[in-house]
Amino acid sequence: MNVHNIMEEVVEQNVNELYDQLKETKPSWFSCDCNNCRIDTICYVLNRISPKYVVSGTGAVHSVQELSDSQLKADLDSVCLEGVKIVNSTKRPYHNQVKTNLAVTNTIPAFNFSIFTGTIMDGSNFEPIGDASILLKINGQPAEMVDSSWANPFTTRSSTKGSFSFMVKSVPAEKEGITKKFNFTIEVSAPSYGTSSFHFEVPVTSDGFTKTEIDSAFSLKLKDILIFKDFIENPME
């Protein structure tokens, strides 16, 4: 069975078209349209939208029809533009170099974390919440991200249905094959909702290398986080 996320092609096309348009109009904040910046933007967008998997031609047809929705297009355009602005403001030192010249294998043992993804929802009506600030902590301290294109704290958007994602920087290990539990805390604050904290523990076995590249198959979907407005009592407490 060949399962495919059709959003990969859609996002790639939208991002490249946007870069081409910006290259023509040249706004003051736009400074680079190299291939690496484009790839970083595509990754940024794909990590902030819901995938749409297909396994057949019929599935692809249904997905294409769904993608023709004007609101979905507008939401996707908004996230693509946000991604371009963030990548342009936080360009990596090697952003305009050929990636094949940079392929250096880092063989330092490390605890490599999954990409953490989740959704912030209103606990009363289960609607996703935009404009929520999410701070991820590891062992009580703000977690350092793999690079500056991953925000911590992260701000959710209505256009991406209250979703969030984090890619935590690897932690050095003494050797390969060590299993260790890491304690994480998610602190969520949103207008009219106050601040809430949620805890989870992740066991990780060290690898013989330090991971720096995104691997979409290496992700951990957290349970939906429900928060309640200040005047509504949380029934789970």
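What counts, and at which threshold
- Residues numbered from 1 in each chain as written.
- Predicted model: local features only at pLDDT ≥ 70, side-chain atom pairs only at ≥ 80, totals over all residues.
- Heavy atoms only, no water.
- Phe/Tyr/Trp six-rings, centres within 6.5 Å; stacked < 30°, edge-to-face > 60°.
- Buried < 20%, exposed > 50% of the residue type's maximum accessible area, 1.4 Å probe, protein only.
- Lys NZ or Arg CZ within 6 Å of the ring centre and 35° of its normal.
- pLDDT = per-residue confidence, 0-100.
- Contact = heavy atoms within 4.5 Å.
- Helix = DSSP H or I, 4+ residues; strand = E, 2+ residues; numbered from the N terminus.
- Disulfide = S-S within 2.5 Å.
- Axes fitted to C-alpha atoms, helices over the stretch in contact; angles between N-to-C directions.
- Parallel < 35°, antiparallel > 145°, perpendicular 65-115°, else oblique.
- Left-handed = near helix turned anticlockwise from the far one by under 90°.
- Nonpolar A, V, L, I, M, F, W, Y, C, P; charged D, E, K, R; others polar.
- Salt bridge = Lys/Arg side-chain N within 4 Å of Asp/Glu carboxyl O.

1. Thoughts on the packing of aromatic side chains
Taken as a whole and assessed by the stated rule, the structure comprises 10 aromatic pairs. Note on Trp-29 and Phe-30: the rings are 6.0 Å apart at their centroids and 85° apart in plane angle, and the pair reads as edge-to-face. For Phe-30, a relative accessible area of 13% translates into the label buried. Three or more aromatic residues joined by ring pairs form one cluster here, namely Phe-111, Phe-113, Phe-116, Phe-182, Phe-184 and Phe-200. If you follow Arg-48 out to its NZ or CZ, it ends over the ring of Tyr-44, 3.7 Å from the centre.

2. With respect to the confidence of the model for the protein chain
Confidence in the prediction for the protein chain averages 82 pLDDT; 80% of positions are at 70 or higher. Taken as a whole, residues 57–62 scores under 50 in pLDDT and shows three contacts with residues more than four places along the chain or in a different chain. In the model, residues 99–104 has pLDDT below 50 throughout and makes four contacts with residues more than four positions away in sequence or in other chains.

3. With respect to the environment of Ala-143
In this fold, Ala-143 is placed in the loop between strand E6 (141–142) and strand E7 (154–155). The class of Ala-143 is buried, set by a relative accessible area of 6%. The spacing of Ala-143 and Val-168 is 25 residues in sequence and 6.5 Å in space, taken between C-alpha atoms. For Ala-143, the contacting residues outside a window of four places in its chain are Leu-136, Lys-137, Ile-138, Asn-152 and Val-168.

4. Re the state of the cysteines
Tallying each qualifying case throughout the model produces zero disulfides. Cysteine Cys-32 is unpaired, with the sulfur of Cys-34 as its nearest cysteine sulfur at 3.6 Å.

5. Brief notes about the packing of helix H2 (residues 35–46) against helix H4 (residues 70–89)
Where H2 meets H4, the axes come as close as 9 Å, and the angle between the chain directions of the two elements is 135°. Overall, the two elements H2 and H4 adopt an arrangement that is oblique. The handedness of the crossing between H2 and H4 comes out as right-handed. Taken together, the residues of H4 that come into contact with H2 (itself represented by Cys-37, Asp-40, Thr-41, Tyr-44 and Val-45) are Leu-76, Val-79, Cys-80, Glu-82, Gly-83, Val-84, Ile-86 and Val-87. Considered class by class, the residues forming the contact of H2 with H4 number nine nonpolar, two polar and two charged.

6. Digging into the pattern of salt bridges
The tally for this structure, following the rule as stated, stands at seven salt bridges. With a shortest N-O distance of 3.9 Å, Lys-181 and Glu-201 are connected by a salt bridge. Separated by 20 residues along the polypeptide, Lys-181 in strand E10 (residues 179–190) and Glu-201 in strand E11 (residues 194–205) bring together distant segments of the chain. The exposed category is assigned to Lys-181, whose relative accessible area is 55%. Of the charged contacts in the structure, one is a salt bridge between Asp-224 and Lys-221, with a shortest N-O distance of 3.3 Å. Taking the relative accessible area as the measure of exposure, Asp-224 reaches 42% and is therefore partly exposed. Taken together, the shared-partner salt bridges in this structure form one network comprising Asp-20, Lys-23, Asp-33 and Arg-38.

7. Brief notes about the environment of Val-79
Tracing the backbone shows Val-79 in helix H4. By relative accessible area, Val-79 is classed as buried at 1%. For the pair Val-79 and Val-11, spaced 68 residues apart in sequence, the C-alpha to C-alpha distance is 9.9 Å.

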